[in-house]
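Coordinates in review
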Protein chains: 4
Amino acid sequence: MIVVLKQNPNQTQLDSLIAWLEEKQISVNKSVGTSHTILGLVGDTAAIDPDLISALEIVEDVKRVQEPYKHANKKFHPEPTVIRVRDTQIGGGTLTLMAGPCSVESEEQIVGIAKQVKASGATVLRGGAFKPRTSPYSFQGMGLEGLELLKIAREETGLPIVTEIMDIEHLPAFKDVDIIQVGARNMQNFSLLKELGHQEKPVLLKRGLSATYEEWLMSAEYIMSGGNHNVILCERGIRTFETYTRNILDIGAVTVLRHLTHLPVIVDPSHACGKAWMVPKIAPAAVAAGADGLIIEVHNDPEHAVCDGPQSIRPEAFDALAKKLHGLHRYMQEE
Amino acid sequence: MIVVLKQNPNQTQLDSLIAWLEEKQISVNKSVGTSHTILGLVGDTAAIDPDLISALEIVEDVKRVQEPYKHANKKFHPEPTVIRVRDTQIGGGTLTLMAGPCSVESEEQIVGIAKQVKASGATVLRGGAFKPRTSPYSFQGMGLEGLELLKIAREETGLPIVTEIMDIEHLPAFKDVDIIQVGARNMQNFSLLKELGHQEKPVLLKRGLSATYEEWLMSAEYIMSGGNHNVILCERGIRTFETYTRNILDIGAVTVLRHLTHLPVIVDPSHACGKAWMVPKIAPAAVAAGADGLIIEVHNDPEHAVCDGPQSIRPEAFDALAKKLHGLHRYMQEE
Amino acid sequence: MIVVLKQNPNQTQLDSLIAWLEEKQISVNKSVGTSHTILGLVGDTAAIDPDLISALEIVEDVKRVQEPYKHANKKFHPEPTVIRVRDTQIGGGTLTLMAGPCSVESEEQIVGIAKQVKASGATVLRGGAFKPRTSPYSFQGMGLEGLELLKIAREETGLPIVTEIMDIEHLPAFKDVDIIQVGARNMQNFSLLKELGHQEKPVLLKRGLSATYEEWLMSAEYIMSGGNHNVILCERGIRTFETYTRNILDIGAVTVLRHLTHLPVIVDPSHACGKAWMVPKIAPAAVAAGADGLIIEVHNDPEHAVCDGPQSIRPEAFDALAKKLHGLHRYMQEE
Amino acid sequence: MIVVLKQNPNQTQLDSLIAWLEEKQISVNKSVGTSHTILGLVGDTAAIDPDLISALEIVEDVKRVQEPYKHANKKFHPEPTVIRVRDTQIGGGTLTLMAGPCSVESEEQIVGIAKQVKASGATVLRGGAFKPRTSPYSFQGMGLEGLELLKIAREETGLPIVTEIMDIEHLPAFKDVDIIQVGARNMQNFSLLKELGHQEKPVLLKRGLSATYEEWLMSAEYIMSGGNHNVILCERGIRTFETYTRNILDIGAVTVLRHLTHLPVIVDPSHACGKAWMVPKIAPAAVAAGADGLIIEVHNDPEHAVCDGPQSIRPEAFDALAKKLHGLHRYMQEE
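This section reports on the structure supplied with the text. For clarity, every value in this text was computed on a predicted model and none was experimentally measured.

Rules used throughout
Residues numbered from 1 in each chain as written. Chains lettered and ligands numbered in written order. Predicted model: local features only at pLDDT ≥ 70, side-chain atom pairs only at ≥ 80, totals over all residues. Heavy atoms only, no water. Contact = heavy atoms within 4.5 Å. Buried area = accessible area lost by both parts, 1.4 Å probe. Salt bridge = Lys/Arg side-chain N within 4 Å of Asp/Glu carboxyl O. Polar contact = N/O pair within 3.5 Å; in protein donor to acceptor, adjacent residues only side chain to side chain. Helix = DSSP H or I, 4+ residues; strand = E, 2+ residues; numbered from the N terminus. Nonpolar A, V, L, I, M, F, W, Y, C, P; charged D, E, K, R; others polar. Least-squares fit on C-alpha atoms with pLDDT ≥ 70 in both. Pairing = 2+ DSSP bridges. Axes fitted to C-alpha atoms, helices over the stretch in contact; angles between N-to-C directions. Core = buried A, V, L, I, M, F, W, Y, C linked by side-chain atoms within 4.5 Å. Buried < 20%, exposed > 50% of the residue type's maximum accessible area, 1.4 Å probe, protein only.

Okay, the interface of chain B and chain A next. Listed by partner, the interface residues are 57 residues for chain B and 57 residues for chain A. Across the chain B to chain A interface the summed buried area is about 5,100 Å²; carbon plus sulfur atoms make up 54%. Summed over the shared surface of chain B and chain A, the result is 2 salt bridges. Its salt-bridge partner being R239(A), residue E215(B) comes within 2.6 Å of it at the nearest N-O pair. Here chain B and chain A share 19 residue pairs in polar contact (both at pLDDT 80 or more) between them. Looking at the side of chain B that touches chain A, the elements that each hand over two or more residues are α1 (11-23), α2 (50-54), α5 (190-197) and α6 (213-224) of chain B. Of the residues that constitute the side of chain B that touches chain A, the class distribution is 24 nonpolar, 18 polar and 15 charged.

Put into structure tokens, the structure is as follows:
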């Protein structure tokens, strides 16, 4: 970490900063230039918050040299992480398609869709039981009953299930879920992340609406530093000034994360754009950019399920899309 | 709510949408124009998620006419909400100054600062016991012990205390706290909001890093619809493209919220800019814009408490600032 | 256009608004609801600025129903525009690769690169003569001399040339350029756009750093309404809160623009990420999303041309990439 | 400037970078750490574009230590710049109120408003003759005729005039204008900035919609490096994810610019929020934050001038506001 001091820094404050750093086992190299003095911090700087230092009166600016994440850092674990759930795997050259409805509505619905998406090549079933909704007056999901229906669909198809947790207190009920999803709005719910680090289920960690890559990886680090290294990152669009689509898919995130981390990276085109008609157009871009998979909303009857319909494509559309994506994946992997 | 349909919408899908709306007791007026058909939705549209409708294939665009929040809506409660805690009040023409350290560190520290800020005119003591930190390797606060120290400081000074909750499971320990703070990163932790709606303590709800006014008010609505109407909104800066300061203080939020809601609005200049030297320059702007109060980080020894220092001003600086702000508040209230 | 009025609007102001609209040949249908009055505006509303109306005291909100662009609107011109320059075309199912150095540096350099990228399958040569630079102290390009060198490279290879204009006064010197580029920072330089509408050369219009789709299309409309319908849109990344990459490539823009306009859409992966190593990873995503082409920076000696190197790939890398992209384009076009 | 290299950088590329820097009279200190090598660049680094270096394959990150602007830098010119126009001044402890209509419409209108705002304490008259409009179909201003009417209003009142230039070719017509305004959309129209540096009139430089402080100051530097040091910076709101108001006023910009530059800083509350009713609420915040002045839209008949009305307050409202602001300015300047 490099600390650029203001001109003529107050000596007492500077001594105090250096003493504080040395207490933390950081050694400090001072280099005095014509216009600025620069401190080079050597040691385990991961625990040093650059915001805290940059806010000091004597400090002009702070620059990290080492990434603050360790377990998630590709430099220390160059091999890609492969996550195995039941008969399938995520990462390591496979293209994983997770598919299913936004919300679980009934046994018939979820089992029906599960069978269809399996036939089309999906290897994980998604479906919301607890739904994070902006409004307290909107449908909040079927809750525990929805979890049970997902398990029935798993039994019928063999597909592992992924579903969102919203509350630490529900963790016991998620014991039998295959992949636990953390939604964008909970990406920095640190209490929840810590708990998920103390159990073994893989975690699908969605990117926060305005989270930087580093913040996202630090949230993964919360889980990993607790002992659970099975984290899947999911890009789902970021918030910008543009309002035509609900979010903007940051396709470059796939490339950047490949460079920074060994964790698998998947893309959620349904939430990124929020419009069903855009999903089949955008999903191929994620595969072409090298994503390990996609999570796609599929509904068998969008017209009679408005609450679910908007960003969901139909099983037939998913079938055509899945074929296209698998062919594309093969093409991209050819030398 | 107004729904603009695409040209030549599929009739089956349109019938299905209308049937679904009517099931929800919404009546639909259809108006056919030269290039577009428009549906006017009349009834309680608060439970209708516009994103869901706008995602339908036949829909071009959706526009709310009524705000989706009720309890928080000034139209239905024109009188400003005044929140009383111990001997003080928030809202209703008072200028409330909440002050104290970022983190509680020791009895001596918190009691010392509490006495100083009280003497300078603060009426609420702030101090973090549970700290939301981006990195799992950073100091996470004193936890329950910090809560106890805050209570000692309250006993010594009579100042009510405000401190952040990060976990529903801690709620029993917050029974004796005067105002419960929800941090920016938990603004859409809906499970937490619901629980806070089922108890009586006032809640200080910070704006999420990239939350719109409507989303913020909908989070207040989560608390209020549970029965707890004592919500204080706190603008603390939003995330933008500019990185010189940690966030950008949205001073217009004060004006807009005054227009939309009856809830008190306070401003946190310390987190908005993240630089102590900026706080005394920016705080007056909040008072001039009509905020009901400010929450300001004050530390008695920033040099020896780097973890806390950056955005904290010293008690002497707070004393001068508080005097300036109170005079400014009186000037702004003169006819 | 729909205008939602505030409750109990001032009658004089309302009459004045209606009179003003009728003067502009807009007929107004008033519909009075329980809580709000709504005005439906029928006629050519393209000239009505919604911001102006929404700022009126009596107005709660304004919603466009018709897009404000006409010439650029796919509804009125469903057939895709195909732009022909010399022996090549842009749009209409072709994949166009525009390639070349950031800046023209010498005859040897530009001719050498032109030959190499042509051999790899590029059909347009790019190269900057006038360079928009944030700092007045940075190299500003070779200027008119650079234009001459581009023409020599064209003569040697037959490749049409695209280069950026920064100043209306240079227009005569661009008479012999094949495609005139308007940079992101000039996307709303309306004087320049108007002039480009009064000449015939195709215009490559880059998206502004924080331009919405509508603003971008309105800038195209400035050119088209002057008589020049040969506009190519170029997505080059938008500005967000993330600073790891220079910009964020908005891959969804390709899909959205396909839906809204008949103009060809190309993608600039070099400026979108600002890092050469990311270009070959991101470029395929643009083809998979359906772009009509890419504009890619290629330099034959990045190490000795730091000013140019950072976001430029080498000719060999371009050669491999171009092959991959053409195969991908064929795969995506298969039924 | 500090350059952090990737681990094990390619030696040829590193040598090439160092040679290139030394050619530019920059000396390079190499410091090899356990995990990273760091280059410290000493000399006049203003001409070095950090984006270019950070894009090199061997480079992990680049950090400026010195600001890239010189003429605009407070470090080299600690005294605040005071700009004198006719009988008034901008900067140096004065509160300047610039007021007038969005667009000049007629002699009667502009002279009438000029007299009224002068009586209320405005010292500069604003009024648009050339209007930058998103749509080519919107009213584009009276043009040269509008300039003449502004001069008549100046003659009648003695108020200096400020108005926007959109085109270099209009510069001769602006010879007799007192302050030339550069709009937000032209903040990086470098050709225009250069020309304005070669003449003597003061320039009011509005911040671009998504311009960082540094980019803004670099645009000022374009003007100043040409010889014209009379630059006034105008904060007018930035673009964010929030759409309730047209832009978000960045009140902290006033504080930050005071710290970075000696140039006067004024605030435009009318464009920042885009709603007339918000202007009197937000304007005091700018004065409390220490702005040197405000530029406010005032119209004598907003109801009959819809094109102008939305963000304009009436002369009576301006009169009350101006009094409040002057009292506030006096209060803020008291010790």
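Continuing now.
Laying chain B over chain C is done by rotating through 180° and shifting 0.0 Å along the axis; what remains is an RMSD of 0.0 Å. The superposition of one copy onto the other is thereby described by a two-fold rotation axis. When each C-alpha of chain B is compared by its distance to the rotation axis, F241(B) comes out closest, at 2.1 Å. When you check the interface residues of chain B against chain C, 100% turn up at the interface there too, and the contact is symmetric in its surfaces.

Turning next to the sheet that holds strand β3 (residues 37-42) of chain D. All names here are of chain D. If you walk across this open sheet you meet the 4 strands as β2-β3-β1-β4, and the pairing is antiparallel. Since the sheet does not close on itself, it has two edges, and those belong to β2 (27-32) and β4 (59-63), each with one partner. Pairwise comparison of adjacent strand axes, ignoring direction, gives a mean angle of 20° for this sheet. In terms of strand pairing, strand β1 (residues 2-5) meets β3 through 3 bridges, oriented antiparallel. When the bridges of β3 are listed, V3 appears paired with L39.

By size, the foremost hydrophobic cluster in this structure holds 333 residues, and its most contacted members are F318(A), F318(B), F318(C) and F318(D). Apart from residues no more than four positions distant in its own chain, F318(A) is found in contact with L97(A), A99(A), V117(A), S120(A), A122(A), I296(A), V298(A) and I313(A).

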